[in-house]
Structures are given as structure tokens and as C-alpha cells.
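# Structural overview
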2 protein chains.
Amino acid sequence: MSLSYELLHKRGQARRGRIHTPHGIIETPEFLPVGTQATVKALTPEQLEQLNVQGVLANTYHLYLRPGSQLVEKMGGLHRFMNWNRPIMTDSGGFQAFSLGAGREHGVGKIGGVFPGTSAKKPRASVLPNMVKISEEGVRFRSHLDGSSHLLTPESSIRIQEELGADMILAFDECTSPLADKAYTEKALERTHRWALRCLEARRDTPQGLYGILQGGAYQDLRERTLDFMLRQPWQGFAVGGSLGKTKEEMHQVLDWTVPGLPDDKPRHLLGIGEFSDLFEGVWRGIDTFDCVIPTRFARNGHVFVPPGTPGRSPRGTWNLLNARFFDLDEPIQKNCGCYTCKHFSLAYLRHLHKAEEILAYTLCSMHNIHFLLALMGEIRQALEQDRFPELARLYGHNFGAGQGAGPL
Amino acid sequence: MSLSYELLHKRGQARRGRIHTPHGIIETPEFLPVGTQATVKALTPEQLEQLNVQGVLANTYHLYLRPGSQLVEKMGGLHRFMNWNRPIMTDSGGFQAFSLGAGREHGVGKIGGVFPGTSAKKPRASVLPNMVKISEEGVRFRSHLDGSSHLLTPESSIRIQEELGADMILAFDECTSPLADKAYTEKALERTHRWALRCLEARRDTPQGLYGILQGGAYQDLRERTLDFMLRQPWQGFAVGGSLGKTKEEMHQVLDWTVPGLPDDKPRHLLGIGEFSDLFEGVWRGIDTFDCVIPTRFARNGHVFVPPGTPGRSPRGTWNLLNARFFDLDEPIQKNCGCYTCKHFSLAYLRHLHKAEEILAYTLCSMHNIHFLLALMGEIRQALEQDRFPELARLYGHNFGAGQGAGPL
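Residues numbered from 1 in each chain as written. Chains lettered and ligands numbered in written order. Predicted model: local features only at pLDDT ≥ 70, side-chain atom pairs only at ≥ 80, totals over all residues.

### Comments concerning the overall build of chain A
Here is the rule we go by: Numbered from the N terminus, helices here are DSSP runs of H or I no shorter than four residues, and strands are runs of E no shorter than two. Our radius of gyration is a C-alpha quantity, and the globule rule it is checked against amounts to 2.2 Å times the number of residues to the power 0.38. Here the C-beta atoms are placed from the backbone, and a residue counts as buried if at least 20 other C-beta atoms lie within 10 Å of its own, exposed if 12 or fewer do, and partly exposed otherwise. Think of it this way: build a C-beta for each residue from its backbone, and any pair within 7 Å is a contact.
A count of helices and strands for chain A gives 16 helices and 16 strands. What you see for chain A is a C-alpha radius of gyration of 21 Å, in line with the 22 Å of a compact globule of 409 residues. Taking the principal axes of its C-alpha atoms as reference, chain A extends roughly 60 × 55 × 40 Å. Per-residue burial for chain A yields a buried fraction of 54% across its 409 residues. Contacts in chain A between residues far apart in sequence, at least 24 positions, make up 67% of those at least 6 positions apart.

### Notes on the packing of helix α14 (residues 347–355) of chain A against helix α15 (residues 359–385) of chain A
All names here are of chain A. For clarity, the threshold we go by: The axes are straight lines fitted to the C-alpha atoms, using for helices just the contacting stretch, and the angles between their N-to-C directions are given from 0 to 180°. The scheme is simple: roughly parallel for angles under 35 degrees, roughly antiparallel for over 145, roughly perpendicular for 65 to 115, oblique for anything else. Should the near helix be turned anticlockwise from the far one by less than a right angle, the crossing is left-handed, and should it be turned clockwise, the crossing is right-handed. In this classification, Asp, Glu, Lys and Arg are treated as charged, Ala, Val, Leu, Ile, Met, Phe, Trp, Tyr, Cys and Pro as nonpolar, and every other residue, Gly included, as polar.
Their axes nearest at 7 Å, the elements α14 and α15 cross at an angle of 130 degrees. As summarised for this structure, α14 and α15 are arranged oblique, according to the angle between their axes. α15 is crossed by α14, and the crossing has left-handed handedness. From α14, L350, L353 and H354 reach across to α15, where they touch L360, A361, L364 and C365. Here the residues of the contact of α14 with α15 are counted per class, giving six nonpolar, one polar and no charged.

### Here's the deal with the domain arrangement of chain A
Residue and element names in this part refer to chain A. How we decide: Boundaries between domains were set according to an automatic or database domain assignment.
Its domain assignment divides chain A into domain 1 (4–106 + 153–292) and domain 2 (293–403). Look at where the C-alpha atoms of domain 1 and domain 2 centre, and you get two points 26 Å apart. Contacts between the two partners involve 27 residues from domain 1 and, on the opposite side, 27 residues from domain 2. Counting residues per element, the ones that place at least two in the side of domain 1 that touches domain 2 are β1 (4–11), β2 (14–21), β4 (30–33) and α11 (276–284). A total of six residues in the side of domain 1 that touches domain 2 trace back to one element, the largest contributor, which is α11.

### Comments concerning the relation of the copies chain A and chain B
Put simply, the rule reads: When the copies are superposed, the least-squares fit draws on C-alpha atoms of residues that have pLDDT of at least 70 in both.
Least-squares fitting of chain A to chain B yields an RMSD of 0.0 Å, with the transformation described by 0.0 Å of translation along the axis and a rotation of 180 degrees. Classification of the inter-copy transformation places it as that of a two-fold axis. Rotation axis and chain A: the residue whose C-alpha lies nearest the axis is A:I359, separated from it by 3.7 Å.

### What to know about the interface of chain A and chain B
With 32 residues of chain A in contact, the opposing surface of chain B contributes 32 residues. Counting residues per element, the side of chain A that touches chain B draws most heavily on α14(A), at five residues. Of the residues assigned to the side of chain A that touches chain B, the class counts are 16 nonpolar, eight polar and eight charged.

### Remarks on the sheet that holds β1(A)
All names here are of chain A. The condition that has to hold: Here, a strand pair is defined by DSSP locating no fewer than two bridges between the strands.
Taken in spatial order, the three strands make up an open sheet running β1-β2-β3, and their pairing is antiparallel. What marks the edges here is a single partner per strand, and that holds for β1 and β3 (24–28). Averaged over neighbouring strand pairs, the angle between their axes works out to 10 degrees when direction is ignored. Relative to β3, β2 runs antiparallel, the two being bridged by five bridges. Note on β3: the bridge partner recorded for H20 is I25. Its contacts with the sheet place α15 against β1, β2 and β3, and it is angled at close to 120 degrees to β2.

### A short note on helix α7 (residues 154–164) of chain B
Because each turn of an α-helix spans 3.6 residues, side chains separated by three or four positions end up pointing in the same direction. Within α7(B) the residues assigned to the buried category are B:P154, B:S157, B:I158, B:I160, B:Q161, B:E162 and B:L164. Two residues or fewer past α7(B), B:G165 is found with a positive phi of approximately 85 degrees.

### Focus: the sheet that holds strand β12 (residues 237–240) of chain A
To summarise the sheet geometry, strands pair through backbone hydrogen bonds and adopt either a parallel or an antiparallel arrangement. All names here are of chain A. Judged by pairing direction, the sheet is parallel, and its eight strands sit side by side in the order β4-β14-β13-β12-β11-β10-β6-β5 without closing on themselves. Both outer strands of the open sheet, β4 and β5 (56–58), are each paired with one neighbouring strand and no more. Adjacent strand axes in the sheet meet at a mean angle of 25 degrees, parallel and antiparallel pairs treated alike. Relative to strand β10 (residues 168–170), strand β6 (residues 88–90) runs parallel, the two sharing two bridges. Each bridged residue has a counterpart across the sheet, and for M89 the counterpart in β10 is M168.

### A closer look at unusual backbone geometry
Most peptide bonds adopt trans geometry, and most residues besides glycine take a negative phi value. Residue and element names in this part refer to chain A. The linkage connecting R66 with the following residue, P67, adopts the cis geometry, with an omega of 5 degrees. Looking at where P67 falls in the secondary structure, it is placed in the loop between α2 (60–65) and α3 (69–74). The backbone phi angle of N52 is positive, close to 60 degrees, even though this residue is not glycine. Turning to its location among the elements, N52 is positioned in the loop between α1 (45–50) and β5. Accessibility expressed as a C-beta count within 10 Å gives 14 for N52, which makes it partly exposed.

### Here's the deal with helix α8 (residues 182–202) of chain B
Residue and element names in this part refer to chain B. We apply this condition: Expected helix span is taken as 1.5 Å per residue step, with the number of steps being one fewer than the number of residues. The reported arc concerns the directions from the helix axis to the C-beta atoms and nothing else.
In this model, α8 (21 residues) spans 29 Å end to end at C-alpha, consistent with the 30 Å of a helix rising 1.5 Å per residue. Buried within α8 are the following residues: T185, A188, L189, T192, W195, A196 and C199. Angular distribution of buried residues about the axis of α8 spans 130 degrees; they occupy a single face of the element. Seen from the open side of α8, the exposed residues pointing more than 90 degrees away from its buried face are A183, R194 and E201. Close packing links the buried residues of α8 with α7, β11 (209–214) and α9 (220–231).

### Some details on the pairing of β2(A)
Residues and elements named next belong to chain A. By the criterion of burial, β2 is predominantly enclosed, with six of the eight residues buried. Sheet analysis places β1 next to β2, joined by seven bridges and oriented antiparallel. Of the residues in β2, the one forming a bridge with R11 is A14. The turn linking β1 back onto β2 is made up of two residues, and G12 within it adopts a positive phi angle of 65 degrees.

### Structural notes on the pairing of β11(B)
Residues and elements named next belong to chain B. This is how the line gets drawn: If the strands point away from the viewer and the path from the first strand over the helix to the second runs clockwise, then the crossover is right-handed.
A large share of β11 lies buried, amounting to six of its six residues. Residues G209, Y211 and I213 point to one face of β11 and L210, G212 and L214 to the other, with burial holding for every one of them. Looking at chain direction, strand β10 (residues 168–170) and β11 are connected through three bridges and run parallel. The residue of β11 that forms the bridge with M168 is G209. In terms of strand pairing, β11 meets strand β12 (residues 237–240) through four bridges, oriented parallel. By the bridge assignment, G212 is partnered in β12 with F238. Where the polypeptide runs from β11 across α9 and back to β12, its parallel neighbour, the crossover connection is right-handed.

### A short note on the environment of A:K248
Tracing the sequence through the fold places A:K248 in helix α10 (residues 248–258). Sequence separation between A:K248 and A:F141 is 107 residues, and the spatial gap between their C-alpha atoms is 30 Å.

### Looking at the confidence of the model for chain A
Residue and element names in this part refer to chain A. Applied cut-off: Confidence scores here are pLDDT values: one per residue, from the predictor, ranging 0 to 100.
The share of residues in chain A with pLDDT of 70 or more is 91%, and the mean pLDDT across the chain is 91. Considering only residues more than four positions removed or in separate chains, one finds that residues 113–127, a stretch of pLDDT under 50, has 23 contacts. Per-residue pLDDT stays below 50 along residues 403–409; that stretch engages in 16 contacts with residues further than four places along the chain or on separate chains. Interface confidence for the predicted complex, expressed as ipTM, amounts to 0.94; the pTM equals 0.94.

### Digging into the environment of A:A218
The residue A:A218 is located in the loop between β11 (209–214) and α9 (220–231) in this model. In this view, A:A218 contacts A:P178, A:S243, A:G245, A:E250 and A:V254; residues no more than four positions away in its chain are not counted.

### Side note on the packing of α8(B) against α9(B)
Between two packed helices, both the angle of their axes relative to each other and the distance between the axes serve to describe the pair. Residues and elements named next belong to chain B. Two numbers describe how α8 lies on α9: the axes approach to 11 Å, and their chain directions differ by 5 degrees. One element, α8, and the other, α9, form an angle in the roughly parallel class. In contact with T185, E186, L189 and H193 of α8, α9 contributes L222, T226 and F229.

### Observations concerning the environment of B:G77
All names here are of chain B. Note that G77 resides in the loop between α3 (69–74) and α4 (78–81). For the pair G77 and G312, spaced 235 residues apart in sequence, the C-alpha to C-alpha distance is 44 Å. Among residues more than four places away in sequence, those in contact with G77 are V72, L164 and G165.

Structure (C-alpha cells):
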């Protein structure tokens, strides 16, 4: 087990630290771009390195289905396969099973693809069958690629993740819907605990760090129960996952119920969350790493991050490059930005590329968005070191109380 | 007028030379990748520089419609707009007018897009109206983007190309279909000559080099007539365009009727042609530069160039990466290839990216194909310097007669 966490500085719950992995160090807090299918969309690994990406998150469900984890293992593992020599985290597939199942029924977390009984590539959720059956054994699901039937269990999820060979791997869990009632959430939580023990039992002696996942929905007693249970198992890290409630406030509560109880010497990951406000709120509550498709997905849709106070900035912190006002603007997205895109290209050119649906649009805007987010995480790390995190957060509209050293809410 | 050609070495018709442009030198013979909409698809300018691309060809018709040449001029011209500081050639729009008109009727040279009376994005040619009307004044056409009506004339083509600001610009011509009869081809040729004079009259005093285009279909007397006419005008270069016949043999004849009569001190471009065999046959017949979408379009379809003699190589010189035999091949496309793709990625990974329709597939394979073609052009230049071009050509299946110094056919 060669994953470890080094705490450098803690103020309230917020932490400045380092995750040591078999493929190097991640300075935390940090954001990990998502490389679902063994590639961060539209970027080469060389470009990711130039962007100072410290680590990426890849997807167990997708890579299991295509090209298959056994192939990846045969090719020397995910790092070698995708030519990425820095840390990788893989999720467990639990979220995707949710996304195909309850998530689909509830209209959240959908995966596009071919579905049995339809010919549409991205059909409306309402016309689709629930493609998932959950039992004590595991999750039986139909592939979104070809409709074929598969069983994912705690044992197979761990095996797949060992074949992929990421540095940080996640326990297989049942991710419940925010619309599930407490009785179901509790039943699922208990099953997730039994699955957690099976994951620990199944894992082999690899240098990978195995993260336990804390579920329990938006119910305080369930979150406390899972914390109590998970703390007694030998995890190398912890992830907060599952339903984080229906509102931002509920998510903050979930973090407050959970994270302060976690040990100082283990890293904490917040799954699939990465809006600006989430990064500040998460860091404030003790989260070390985040992953989210937002920066790259936004980029492909023409939405680029701009700093607070920029005229026309959307509530999500972006400009929409398809807007006509950028048509003849001979300026970069952000004048003082150090990214390749801002150093070399005008808003007029980027808008043109998006209008023309040119691939270069997706590459250049993904570069900017990742650069922007990672620069922000760098600022956050520095602010933590200098005890001025609340001041930085205020620039982004977050008020964590006055001045230095204030504790969490 | 700052475009000039420096002849370094000539053997038979084949030439080793240099085109001096306002944005630097092109060592010739050379291949120019196509950047239709002010971007070579899926590649950054930085990547193009790493690939040692010496120049690119952009498209007057497309850039006139979107984003508009006046915008490009306002942004400082095409070089600055697309952040490409090496030479650029723009075509005149004549070929695209052909492609929307006679080319569409004849099922060749189609442009995808929205067409009046249809909602399809890429409709079948047979159901489409001819979208072009040719008159003495110029070509009236409907935009493939929105069906709007436009008039392109010799004067407006030159003005647009001056606004774009490429180093090498082309006269506005009528490109006839290989299926047009001689009477029509002759009538079109005479109009093209009148248009050529109007182009020369319209051009302003810019450092751009204006190329005359030699038309005349696959008719020897028409090709000789256009040669005679064009030689008497003050062009900075010549392009062989239009119908190059229905077969490769006819194309070679067209080149043999035309190119030997061109002056030694002007560059010659062969429009839109770039298969391996064309490069060898063209160089042999005295062509200096080529452009073609093949390397990048092939790349996006999963077709990558491999050297002669490679098992499974298609007649077009490619491997199809979607082929199942690459599924678990832990080798690069080409072991001794120096491109980024071959240095870092396996066939198995590239196949996975293509199967998953990941953008990185298009980027990596475009890199390889361009590298491969440019490396070949480098070899051709060296072989010309060392009087062993026929030997190199033989490796690619071309027999230009025995040994050193043989003249053209």
C-alpha cells in the first residue's frame, strides 16, 4: 500500500496537504479532470502536462465495457495505455449503475447510448426502461453500447480497477437517488457496507490506495452511521458520494456531518462535484480532491470560465462564446491568463471555431477551462498556506465569516 | 510583390527549390495541409509547427461565408487570426462554386450543408438543385450554411483573398466537370481567361503572390491554349487546376501538356491532389506544391498511413484502425516513426479511441498522417538533391525509368 496523505496545514476543517501515490504527488486541495474513456476529451497527455494537471479520474464502467480492463492490463495498465504518467483515480462503477438505473427513472445522471427497444442514441429518459437490477450479489445492468447484460459486483469492480491499475481506486457502492426515501436509502446503505467489506476482502496486495465511499443520502443519522462503520475499516482514503441532497445547502450539511469525523492522515475525495461554489465549500469543509466533467463539457459547449466581476459572467462563472457580442472581439478570453489559448487566440477566433463546429474549438476551450480551474486551486492552496482562504473565497461570493482562522460553519 | 521561387536543382522536369514568401520559406516540393475554416482540423498551430508543416491552404469560399473576410482583415489577417506565422495559400473559391454546381449535378466534389428545399444536413446529391449560376459577371451561388444568395466575381475573390491576407492567392476561375463536353469546357476556358485578366486588374499592391490557374479539362489543345495565354500575364506562380481527367493517366497527360512549358522561375501548385501516387507523379512532372484534405480526413476516419510493404496496407497506403486485428496490438502504427503518436501510443489505444469516437483519435491520427506525408516530401527533396528520385519512387510502386537522371516520360 503506497498511497499516503501528508497534512501540511489545517485551519478549521480546510486542509493543505499532499497525496503521495505510486505515480507522484498531488498537491491538495486539487481538481482532477475527468478522462472517462482513458482520455481527457480533446486533449493530448502532453497538453495535460503543460496545463500542470496533477491527476485525472477515469471510469471503471466505461473502460470495463470498452475496450475492456483485461486489454488495458495486457497493455501495461491505464497509465501506459493512455500515456499518462501522473496519478490516476478510477471510480468503482457504482455511480454509472445508478445512472442507468434509479438515476434514469428519476431523470438524473443519464448516460447516452443505445438502449434496448429503442433505436435512438440519446433517448428521453421517460421512455426508457430501468436498465439495472440491484441484488445482494451486485448490480446487473445492460450496456449502453449494445444492450448486452453484465454483472458488476464488489469483487469484479475491485478486480477491474486492479487491472486498470489506477493509483486511487474506489469501493463499489450503491449510489442512491436524491429522490429515494429514507427506508430505501438505509437498506442501500447497509448493503453498501456489506459490499465495502467484500471490496476489502477481494483486493489484492497492490500499491493502489483503496477509498471507502461514504453514502447515506441527506439523512444525518445515516451519514453518521456510515462514518462510524467506515472508520473501522482499513481504507487508504475516503470519498463522499451518493446523494448529496437536493440543494447546495443539503450538500454542505452532508459534508459537515461526515468530513470532520475523518482521520487527519487520509485523503478525502468529493465525487463528481466541481462548480466553483462546490470547490470553495468543499475545501472549507475539509475535502482534498474533486473531479467533474464541467470544465471540459462546458468547453465543448462554448462556455469558458471568466473571473468574478467580469461583465456578462453567468451564474456558473462562464461566458458563452456563441454570443454575438464576441463576433469581432480581438481580445483573449482573459487578458492576464497564462494558458495557450489566451496567449494566442482572440474571442473572435474562438467564436468562429465554435460556430464552424471545429474540433480545435473544443481543444482550445478545454485548455482554458482546465487552466482556469487549476490556477484557482493553486490560489486556494496558497491562500490556505497563508491563512487567507476566506478572503479568496469572498472574491467568488462565499462568505465563510470574517478574517483568518475562522472554523467551519 | 514579394513572392519568389528559387530553383535549386532540376532533373528532367522534377525540381528541388524554395518558395520565398512574406512569412518565410517553403522548401519544395512540399505538401500543404488543408485548413479550410482557418484551422487544420483537430490540430493546434503549435502541433503543426512541431510537425514541421511549412504552409497550409485555407478556403476563400468557406471563410467568406463564415466568419467573413472583413472580420478576418479586422483581426489582422488570417495569419494572426489563426495564430499561424508560416506561409498560407488561399484558393479562389472557384472550385467550391464548381462543387456546389456542376460538381453536385455530376455527383463529384460535394460540400455538405443545409440546402434550400431540404432539411437534411448532408443530403443525397441527386435530390439537390444545382445551387450555382455562372455568368460573365461571376458565379452566383447559394450558401451551403443558410441558403443565402451570393455573387463571387474575379474582383470579389481577389478582394476577399486580399482581406484574408494569405501569402499565395489564386485567380478566380471556372472549374469544369470532367463530364463536361469539349464545347462547354472551351467556352468556360475562354471565360476563365477573361476572368484572369480581371483578377490581375483588380489586385492591389500587396506582397501576396497571385497564381494563374491553368484550366482546359483533359483536352490537349485547350491546355496548350491556356498555357500560351497564361504565360503572357504577370503571375507570380501557376496552379494546375480544374478537371484533371477521369483517370490518373489523363491527369499525367494534362501535367505533361502544361508544366514543361511553365517558366523555371515561378512556383507551380497542383490543386487538391495528394495521394501518394499523385505526389510522385506530380513531382516527376515538375509540380512544387500540393494540397489535399486526404491526410486529415483519412485520420478522422481511422485510416493511417503505413510504408510500402507493410502487411495489410490498402491500395491507398493505409491501415484501417477499426480493424479487429489491432484490438490488442501493443505497438505503434510505425516502429521507426518519429511522430508524437507513434512515440507514445499503441495501435490498441488508437483503435480504442476511434471505437469510442474520442476527439483525441482524430488529433493523434492527423498528427501521424501529416508527419508521414511531410517526411515523405522530405525524402523526395533529398532524393532530388541526390539524383535518386526514381529509386525512391520505385519503393512506392512508381517506375520512372532506370537509374539516375532519367528525364520525364
